[in-house]
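Close look at the chain arrangement
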Amino acid sequence: MTETMRIPVFPLPVFLLPGGMTRLNIFEPRYLKMVKVASQGEGFVIQTTGTGGPLSEFGSWVQITNFGQSQNGLLQIDVLCKGLVLLSQAARDPDQLLWAQASPVAHWPAELTGSASPLFAASLQQCLQQNEQLSSLYSSPLFEQESWVVARWLEIAPIANSYKVLFYLPDSYPKAVALLSEILLNKTEAQ
């Protein structure tokens, strides 16, 4: 996406940064419609929510990478975050599917290095090995790319989404590293 476009929006309590993946179960008719639209075009946007609704005007622009079926027969899709977007002019269509104008926004550069502990990558690798669903999503993890590792930790860390959405901002990388250092290094010291 190089310019503003109208795109379906899926409000969810899910936080994804560029390069992040998640698996979703789809069953409501409006979201089945969204999957159909998304698979024929530009994807869709996941807008992070909390208990009171959307937490930010930002969203994660995703593409569907895999289709499957859950054990209970629901459509299951894996999605990859291609980038972040700023949402505006949201409105529901007659099927109650939310649509909005989405404009791409910059996030952290991929080549950021030097401020995160090597422990971040090692502990993320261990976490993926212990979590079958996560490891199945990341068949080619980028453990050598510091910003990728920091982003994946933010996605899975037990932090409220109302706080996580602050890391959508392009200048939030140093704060993300500081927060994860506090969490991961304190956890390691406690063990």
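Keep in mind the model is a prediction, meaning the values are calculated, not measured. (Residues numbered from 1 in each chain as written. Predicted model: local features only at pLDDT ≥ 70, side-chain atom pairs only at ≥ 80, totals over all residues. Heavy atoms only, no water.)

**Comments concerning the overall build of the protein chain**
A count of helices and strands for the protein chain gives 6 helices and 7 strands. For the protein chain, the N- to C-terminal ordering of α and β elements is β-β-α-β-β-β-β-β-α-α-α-α-α. Overall, the protein chain is about 55 × 40 × 30 Å in size when its C-alpha atoms are taken along their principal axes. Classification of the 191 residues of the protein chain by burial places 46% in the buried group. Taking the intrachain contacts of the protein chain between residues at least 6 apart in sequence as the baseline, contacts between residues at least 24 apart amount to 66%. Summing over all exposed atoms, the protein chain offers an accessible surface of approximately 9900 Å²; the carbon and sulfur share of this is 52%. (Helix = DSSP H or I, 4+ residues; strand = E, 2+ residues; numbered from the N terminus. Buried < 20%, exposed > 50% of the residue type's maximum accessible area, 1.4 Å probe, protein only. Contact = heavy atoms within 4.5 Å. Areas by Shrake-Rupley, 256 points an atom, 1.4 Å probe, with all protein chains shown as cover.)

**Remarks on unusual backbone geometry**
The backbone of Gln-89 shows a phi angle near 50°, a positive value even though the residue is not glycine. Among the secondary structure elements, Gln-89 is positioned in strand β6 (residues 75-92). A positive phi angle, close to 70°, is found at Gln-96, a residue other than glycine. Its location among the elements puts Gln-96 in the loop between β6 and β7 (98-105).

**Let's talk about the packing of helix α2 (residues 118-130) against helix α4 (residues 146-156)**
In the contact formed by α2 and α4, the axes pass within 10 Å of each other and the chain directions differ by 50°. Considering the angle they form, α2 stands oblique to α4. Handedness of the α2/α4 crossing: left-handed. Facing α2, whose interface residues are Phe-120, Ala-121, Ser-123, Leu-124 and Cys-127, α4 presents Trp-148, Val-149, Val-150, Arg-152, Trp-153 and Ile-156. When grouped by side-chain class, the residues that make up the contact of α2 with α4 number 9 nonpolar, 1 polar and 1 charged. (Axes fitted to C-alpha atoms, helices over the stretch in contact; angles between N-to-C directions. Parallel < 35°, antiparallel > 145°, perpendicular 65-115°, else oblique. Left-handed = near helix turned anticlockwise from the far one by under 90°. Nonpolar A, V, L, I, M, F, W, Y, C, P; charged D, E, K, R; others polar.)

**Re the packing of aromatic side chains**
Here the structure, examined in full by the defined rule, presents 8 aromatic pairs. Ring pairs connect the aromatic residues Phe-10, Tyr-31 and Phe-44, which therefore count as one cluster. (Phe/Tyr/Trp six-rings, centres within 6.5 Å; stacked < 30°, edge-to-face > 60°.)

**Observations regarding the nonpolar core**
Leu-24, Phe-44, Ile-46, Val-79, Trp-108, Val-150 and Leu-154 are the most contacted members of the largest nonpolar core, which has 50 residues in total. Those residues in contact with Leu-154 that sit more than four places away from it in its chain are Phe-15, Leu-17, Trp-108, Lys-164, Phe-167, Ala-176, Leu-179 and Leu-180. Residues Val-9, Val-45, Val-85 and Leu-87 belong to the second largest nonpolar core, which totals 10 residues. (Core = buried A, V, L, I, M, F, W, Y, C linked by side-chain atoms within 4.5 Å.)

**Comments concerning the environment of Pro-94**
Note that Pro-94 resides in the loop between β6 and β7. Overall, Pro-94 belongs to the exposed group, its relative accessible area being 80%. The spatial distance from the C-alpha of Pro-94 to the C-alpha of Arg-30 is 9.5 Å, given a sequence separation of 64 residues.

**Observations regarding the side chain of Arg-152**
Here Arg-152 lies in helix α4. With near-sequence residues (within four places) excluded, Arg-152 lies in contact with Leu-17, Pro-18, Gly-19, Gly-20, Leu-124 and Tyr-138.

**A look at the pairing of β6**
By the bridge criterion, 6 bridges tie strand β2 (residues 21-26) to β6 in an arrangement that is antiparallel. Across the sheet, residue Arg-23 finds its bridge partner in β6, namely Asp-78. Both β6 and β7 contribute to a ladder of 7 bridges, which runs antiparallel. When the bridges of β7 are listed, Leu-87 appears paired with Ala-102. Counting the residues between successive antiparallel strands, the hairpin from β6 to β7 contains 5 residues, one of them, Gln-96, with a positive phi of roughly 70°. (Pairing = 2+ DSSP bridges.)

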